[in-house]
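# Fold and contact review
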Amino acid sequence: MDPKSRNFRYFKGNKHKQNNNKQTTNKKSNKTKIRSKSLKKQIHDTQRLLFKNILCEDGVKAQQEKLAKLKQSFYETKRTKTYNKKLAKYKGVKFFDKSKILKRLTSLDKLLTTTDSGE
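Let me begin by describing the structure that accompanies this report. (Residues numbered from 1 in each chain as written. Predicted model: local features only at pLDDT ≥ 70, side-chain atom pairs only at ≥ 80, totals over all residues. Heavy atoms only, no water.)

Turning to the overall build of the protein, a few remarks are in order. Looking only at helices and strands, the protein has 2 helices and 2 strands in total. Its helices and strands in sequence order give the protein the pattern β-β-α-α, from N to C terminus. With 119 residues in all, the protein has 8% of them scored as buried. The long-range share in the protein, meaning contacts at least 24 apart out of those at least 6 apart in sequence, stands at 28%. (Helix = DSSP H or I, 4+ residues; strand = E, 2+ residues; numbered from the N terminus. Buried < 20%, exposed > 50% of the residue type's maximum accessible area, 1.4 Å probe, protein only. Contact = heavy atoms within 4.5 Å.)

A few words on the pattern of salt bridges. Applying the stated criterion across every chain yields a total of 2 salt bridges. With its nearest N and O atoms 3.1 Å apart, the salt bridge here joins lysine 37 to aspartate 45. By relative accessible area, which is 47% here, lysine 37 ends up partly exposed. Residue classification places aspartate 45 among the partly exposed positions, given a relative accessible area of 21%. Residue arginine 48 is joined to aspartate 45 by a salt bridge in which the shortest nitrogen-to-oxygen separation is 3.8 Å. Of the two residues, arginine 48 and aspartate 45 both sit in helix H1 (residues 39–52), 3 residues apart, roughly one turn of that helix. Via salt bridges that share partners, Lys37, Asp45 and Arg48 belong to a single interconnected network. (Salt bridge = Lys/Arg side-chain N within 4 Å of Asp/Glu carboxyl O.)

All right, on to unusual backbone geometry then. Of note, the phi angle at asparagine 53 is positive, near 60°, even though the residue is not glycine. Looking at where asparagine 53 falls in the secondary structure, it is placed in the loop between H1 and helix H2 (57–118). Of the residues examined, asparagine 53 reaches a relative accessible area of 67% and is grouped as exposed.

Turning to the nonpolar core, a few remarks are in order. Counting 5 residues, the largest nonpolar core consists of Ile43, Leu50, Leu67, Leu70 and Phe74. Elements represented by at least two residues in this core include exactly H1 and H2. No other element matches H2, which puts 3 residues into this core. The contact partners of leucine 67, leaving out residues within four places of it in the chain, are Ile43, Thr46, Gln47 and Leu50. (Core = buried A, V, L, I, M, F, W, Y, C linked by side-chain atoms within 4.5 Å.)

All told, the structure shown has 2 aromatic pairs when counted by the stated rule. Between phenylalanine 95 and phenylalanine 96 the ring centres are 5.3 Å apart and the planes differ by 70°, which places this aromatic pair in the edge-to-face class. According to the relative accessible area criterion, phenylalanine 96 is exposed, its value standing at 52%. (Phe/Tyr/Trp six-rings, centres within 6.5 Å; stacked < 30°, edge-to-face > 60°.)

Just geometry here; none of it tells us what the structure is for.
Encoded structure:
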């Protein structure tokens, strides 16, 4: 069975399993590089390792510290992503509101100067 065929993913067993290593290939240079694991996957892996209870006390402490750092960095990146997304979304709205206000302000200034000079 050709792995590129359409129904390849429906076969079961070790013979037909796909390779799940995350590798990217640069088309121009044909160099492959392995990508690092995502933060969610690293958190999940350390939680599973702690759940198995196969580590000594020092290893458990080290893994718990690693888990705390990973969670902190995950929440920081998530917060910055949502902030940047909202910033991009409302940037146009802010610009147009500001331009409306500035036009109104200049028109009122002109009106005020014409009424002051008229008196």
